[in-house]
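# Breakdown of the fold
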Amino acid sequence: MHFQWYPGHMTKAKRMMQENIKLIDIVVELLDARVPRSSKNPDIDQLANNKFRLVILNKADLADEEATRQWENYYKEKGFFVVKVNAQKGQGIKNVKGAIMEACREKMERDRKRGIMNRPIRAMVAGIPNVGKSTFINSFAGKACTKTGNKPGVTKGKQWIKINKDVELLDTPGILWPKFEDQTVGLHLAFIGSIKDEIIQVEELSLNLIKFLKETYPAQLKERYSLPEEELTPEQTLSHIAEVRFCKKQGGEVDFEKAAAIVMEDFRSGKIGRITLELPE
């Protein structure tokens, strides 16, 4: 499968971020804890050069806990401040303000020496589509400030949000980068729903996911779909899932597309279990 999705509004969003970066003290980048490498946009690294950095590993409740610990250490070693959260339920959110203040301590100290007091820290919240930025901001602010949705591309423009007297956030639309050098990155982003499902063959995508799960999380897959003891190919597995979930078209023909959609939804919502698709090298 070949993945590429870079609609025009992303070019516009990137330009807007470039124009606003000079107003910013720290870039808060949200990553999906299931794919902390694939969900890291190299363009944001370029954009945030010379800024303080905080990485938020969001959707940590859906990821393998041990793998998340490894990723936390990995990014800390690279010089990032790191907080893991489940923005949907507010878990870990209380640690975010402390991490922002700690990351910007040097800047606040400089301000104090110049006699500048009580100036709020300005943070840009960035990340790829569907990584949960709006949910994170609403949870952090303790109120609904932004529109949320489980489809990529809900946030369209920039928006300043005052969290409290210490922190102001600039919300930005989710952006990908123009070309994935490694198609595994595209595959992982398609798995988590950061690339529009409409441009993807869901059946083929689910077969790729089943293949990965059979190799890495076989027990969870087996339990979720009551798989038999004998070894099945991904195609046979999907056929079995279609059978146990009664995925039939009119006339009794097997509806593989419906079964594939069930697998993708079960993975994305964590029903198959806590799964991480990649580990630090």
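The structure under discussion appears in the preceding block.
As the structure is a computational prediction, the values presented were derived from the model and not from experiment. (Residues numbered from 1 in each chain as written. Predicted model: local features only at pLDDT ≥ 70, side-chain atom pairs only at ≥ 80, totals over all residues. Heavy atoms only, no water.)

## Comments concerning the packing of helix H7 (residues 183-192) against helix H8 (residues 202-216)
Describing two packed helices takes the angle between their axes plus the distance from one axis to the other. Applicable threshold: To define axes, lines are fitted to C-alpha atoms, for helices over the stretch in contact only, and angles between the resulting N-to-C directions are given on a 0 to 180 degree scale. The way it works is that DSSP assigns letters per residue, a run of H or I at least four long becomes a helix, a run of E at least two long becomes a strand, and they are numbered from the N terminus. In these notes the angle categories are as follows: under 35 degrees is roughly parallel, over 145 is roughly antiparallel, 65 to 115 is roughly perpendicular, and the rest is oblique. We call two residues contacting when some pair of their heavy atoms lies within 4.5 Å. Asp, Glu, Lys and Arg are counted as charged, while Ala, Val, Leu, Ile, Met, Phe, Trp, Tyr, Cys and Pro are counted as nonpolar; the rest, among them Gly, fall into the polar class.
The interhelical angle for the contact between H7 and H8, taken along N-to-C directions, is 105°, at an axis separation of 11 Å. On the basis of the axis angle, H7 is roughly perpendicular to H8. Where H7 approaches H8, its residues Leu187, Ala190 and Phe191 are matched on the opposing element by Leu205, Asn208 and Leu209. In terms of residue class, the contact of H7 with H8 is made up of five nonpolar, one polar and no charged.

## Examining the layout of surface pockets
Selection rule: Buriedness of a pocket was judged along seven lines, with at least five required to meet protein on both sides within 12 Å; pockets are open sets of points on a 1 Å grid over the protein atoms alone, cavities are sets where a 1.4 Å probe fits but cannot get out, and lining residues have an atom within 4 Å of a point. Grid points are joined across faces, edges and corners, and a volume is the space filled by probe spheres set on the points.
Within this model, the second largest pocket holds a volume of roughly 260 Å³. Around the second largest pocket sit 16 residues that line it, and Arg37, Lys40, Pro42, Trp177 and Val185 are the ones nearest its centre. Taken together, the elements giving at least two residues each to the lining of the second largest pocket come down to helix H2 (42-47) and helix H3 (65-77). The greatest single-element share of the lining of the second largest pocket, amounting to three residues, is contributed by H3. Grouping the constituent residues of the lining of the second largest pocket by class yields eight nonpolar, one polar and seven charged.

## Observations regarding the pairing of strand E1 (residues 26-32)
Selection rule: Only protein chains enter the accessibility calculation, which uses a 1.4 Å probe. A residue is then buried if its area is under 20% of the maximum for its type, exposed if over 50%, and partly exposed in between. In this analysis, strands are considered paired if DSSP registers two or more bridges between them. Seen with the strands pointing away from the viewer, any crossover whose path from the first strand over the helix to the second strand runs clockwise is right-handed.
Most of E1 sits inside the fold, with seven of its seven residues counted as buried. In E1, alternate side chains face the same way, and those of Ile26, Val28, Leu30 and Asp32 on one face and Val27, Glu29 and Leu31 on the other are all buried. Here E1 runs beside strand E2 (residues 52-58); their pairing, made up of seven bridges, is parallel. The partner of Val27 across the bridge, within E2, is Arg53. The parallel pair E1 and E2, bridged by H2, forms a crossover whose chirality is right-handed.

## Section: the pairing of strand E6 (residues 167-171)
The buried fraction of E6 amounts to five of the five residues, a majority that puts the element mostly inside the structure. Residues of E6 alternate between two faces, with Val167, Leu169 and Asp171 on one and Glu168 and Leu170 on the opposite face, all of them buried. Taken together, the five bridges between strand E4 (residues 121-127) and E6 define a ladder with parallel strand orientation. Bridge pairing links Met124 to Leu170 in E6. Across four bridges, the pairing between strand E5 (residues 159-162) and E6 is antiparallel. Bridge pairing in E6 links Lys162 to Glu168. Turn length for the E5-E6 hairpin, with the two strands adjacent in sequence and antiparallel, is four residues.

## Some remarks on the pattern of salt bridges
Side chains that differ in sign of charge can pair as their charged atoms come close. Note the following rule: Salt bridge, as applied in this entry: a Lys or Arg side-chain nitrogen positioned within 4 Å of an Asp or Glu carboxyl oxygen.
Counted under the stated rule, the structure contains 25 salt bridges. Taking the shortest distance from any N to any O, the salt bridge between Arg53 and Glu29 comes out at 3.0 Å. Of the two residues, Arg53 sits in strand E2 while Glu29 sits in strand E1, which places them 24 residues apart along the sequence. Across the pair, exposure class does not vary: Arg53 and Glu29 are buried alike. A salt bridge links Glu66 to Arg69, with the shortest nitrogen-to-oxygen separation between them at 3.2 Å. Of this pair, Glu66 and Arg69 both sit in helix H3, three residues apart, which is roughly one turn of that helix. Residue classification places Glu66 among the partly exposed positions, given a relative accessible area of 40%. For Arg69, a relative accessible area of 40% gives the class partly exposed. Put simply, Asp25, Lys107, Asp111 and Arg114 are held in one network by salt bridges that share partners.

## Describing the environment of Asn49
Within the element layout of this structure, Asn49 appears in the loop between H2 and E2. For Asn49, a relative accessible area of 52% corresponds to the exposed category.

## Brief notes about the sheet that holds E5
Spatial strand order, E3-E2-E1-E4-E6-E5: six strands in an open sheet with mixed pairing. Of all the strands in the sheet, the pair left with one neighbour each is strand E3 (81-84) and E5. This sheet shows a mean twist of 25° between the axes of neighbouring strands, independent of strand direction. With five bridges joining them, E1 and E4 adopt parallel strand pairing. Counterpart to Val27 in the pairing with E4 is Met124.

Read these as layout, nothing more, since geometry by itself doesn't imply function.
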